[in-house]
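What the coordinates show
Now for the letters of each chain:
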Amino acid sequence: MTSQLVCRPVQGLPVAILRVSGVLDGITQDALARAVDRCLSAQPETLLIDVSALEVPDAGALEVLSSVVGRTADWPAVPIVLCGAGPETTAAIQAWPGCATVTTAVSCEDALAQAAEEPEPRRIRIRLRPVPDACRQVRQLVTQACAGWQHSEISSTAALVATELVANVVRHAHTTMEFTVGLRDSRICLTVRDGSRLLPRPQQPGTAQAGGRGLQLIRELTDAWGVLPVSDGKVVWTQMTAGAV
């Protein structure tokens, strides 16, 4: 019998909830990964994955779950909480390599209550047109945000990275973009979402492509960066530790 998995978003921002039901295995893992990507692309404060109706038939399925939930490390400042796994599955998940730090909750209701008690992360979003002046706007926004959050020591680096992110959209994507600057757990997170599905590729030093050099600079100035493809475009994200210069 063919495995089936249903992933249904039931809540968006500020806390996203993804309800998953069916069988998780090597056949259905891509569906779960895509659903998590879609939820993360909206940059919620927290992502709750309701797995109360999810069947995890064997250890291989736990490895799949581990790799998907492990996106917490790759997608800055978006904690993932598994809800309703049951005691046996929860114990198995926590014992599986790569899942030691995965947060679990008895239910989504409990996780929502816990999330409400957490201090809200600082986050500013702005929509920008793909015009050269967008670089000036985002540079000013990031400088002011870092100063307001008492992290002026990183403002010049963060402003430079933000400028390169936006400049790449202006040069190559030519679409309206959503830029976000956030602070959580002493990390400055910068992301830009655009409407082009063309993925950026850093160029080797010495090449003449400006956009490639910009991405090379981003890679050198940040602790981590990546690209999250989504159905209507992509999200390029970066993170750096506040206080690091």
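Residues numbered from 1 in each chain as written. Predicted model: local features only at pLDDT ≥ 70, side-chain atom pairs only at ≥ 80, totals over all residues. Heavy atoms only, no water.

An unreviewed UniProt entry lists the protein chain under the name Putative PAS/PAC sensor protein, with Actinoplanes friuliensis DSM 7358 as the source organism.

A few words on the layout of surface pockets. Rolled over the atoms, a probe sized like a water molecule indicates the empty space that remains. Taken as a whole, the largest pocket holds about 500 Å³ of empty space. Considering the residues around the largest pocket, the lining is formed by 20 residues, among which Thr46, Ala115, Glu118, Pro119 and Arg184 are closest to the centre. Looking at the lining of the largest pocket, the elements that each hand over two or more residues are β3 (46–55), α5 (108–117) and β7 (177–184). Ranked by residue count, the leading element in the lining of the largest pocket is α5, at five residues. (1 Å grid on protein atoms, 1.4 Å probe; cavity = no way out; pocket = protein on both sides within 12 Å on 5 of 7 lines; lining within 4 Å. Points joined across faces, edges and corners; volume = space filled by probe spheres on them. Helix = DSSP H or I, 4+ residues; strand = E, 2+ residues; numbered from the N terminus.)

Judged by pairing direction, the sheet is antiparallel, and its five strands sit side by side in the order β6-β7-β8-β10-β9 without closing on themselves. In the strand order of this sheet, the two ends are held by β6 (122–128) and β9 (224–230), each with one partner. Averaged over all pairs of adjacent strands, the angle between their axes in this sheet comes to 15°, without regard to strand direction. Across seven bridges, β9 lies against strand β10 (residues 233–241) in antiparallel orientation. (Pairing = 2+ DSSP bridges. Axes fitted to C-alpha atoms, helices over the stretch in contact; angles between N-to-C directions.)

A word on helix α6 (residues 133–148). With 16 residues, α6 extends 23 Å from end C-alpha to end C-alpha; this agrees with the ideal 22 Å at 1.5 Å per step. All buried positions along α6 are accounted for by Ala134, Cys135, Val138, Leu141, Val142, Ala145 and Cys146. Along the long axis of α6, the arc covered by the buried residues comes to 130°, so they all point the same way. Against β6, α7 (155–173), β7 and β8 (187–194) lie the buried residues of α6. Once α6 ends, the next one or two residues include glutamine 150, with phi positive near 60°. (Expected span 1.5 Å × (residues − 1). Buried < 20%, exposed > 50% of the residue type's maximum accessible area, 1.4 Å probe, protein only. Arc of directions from axis to C-beta. Contact = heavy atoms within 4.5 Å.)

Strand order in the open sheet made by the five strands is β1-β2-β3-β4-β5, with mixed pairing throughout. Edge positions in the sheet fall to β1 (5–11) and β5 (103–105), since each of these pairs with one other strand and no more. The mean angle between the axes of side-by-side strands here comes to 25°, regardless of whether they run parallel or antiparallel. Across six bridges, β1 lies against strand β2 (residues 15–23) in antiparallel orientation. The residue bridging cysteine 7 from the neighbouring strand is valine 20, located in β2.

Formed by 32 residues in total, the largest nonpolar core has its most connected members in Val142, Leu165, Val166, Phe179, Val181, Ile188 and Leu190. For this core, the secondary-structure elements that each account for two or more residues are α6, α7, β7, β8, α8 (210–221) and β10. The contact partners of valine 166, leaving out residues within four places of it in the chain, are Leu128, Ala134, Cys135, Val138, Met177 and Phe179. Of all hydrophobic cores here, the second largest spans 31 residues; its members include Ala33, Ala35, Leu40 and Leu54. (Core = buried A, V, L, I, M, F, W, Y, C linked by side-chain atoms within 4.5 Å.)

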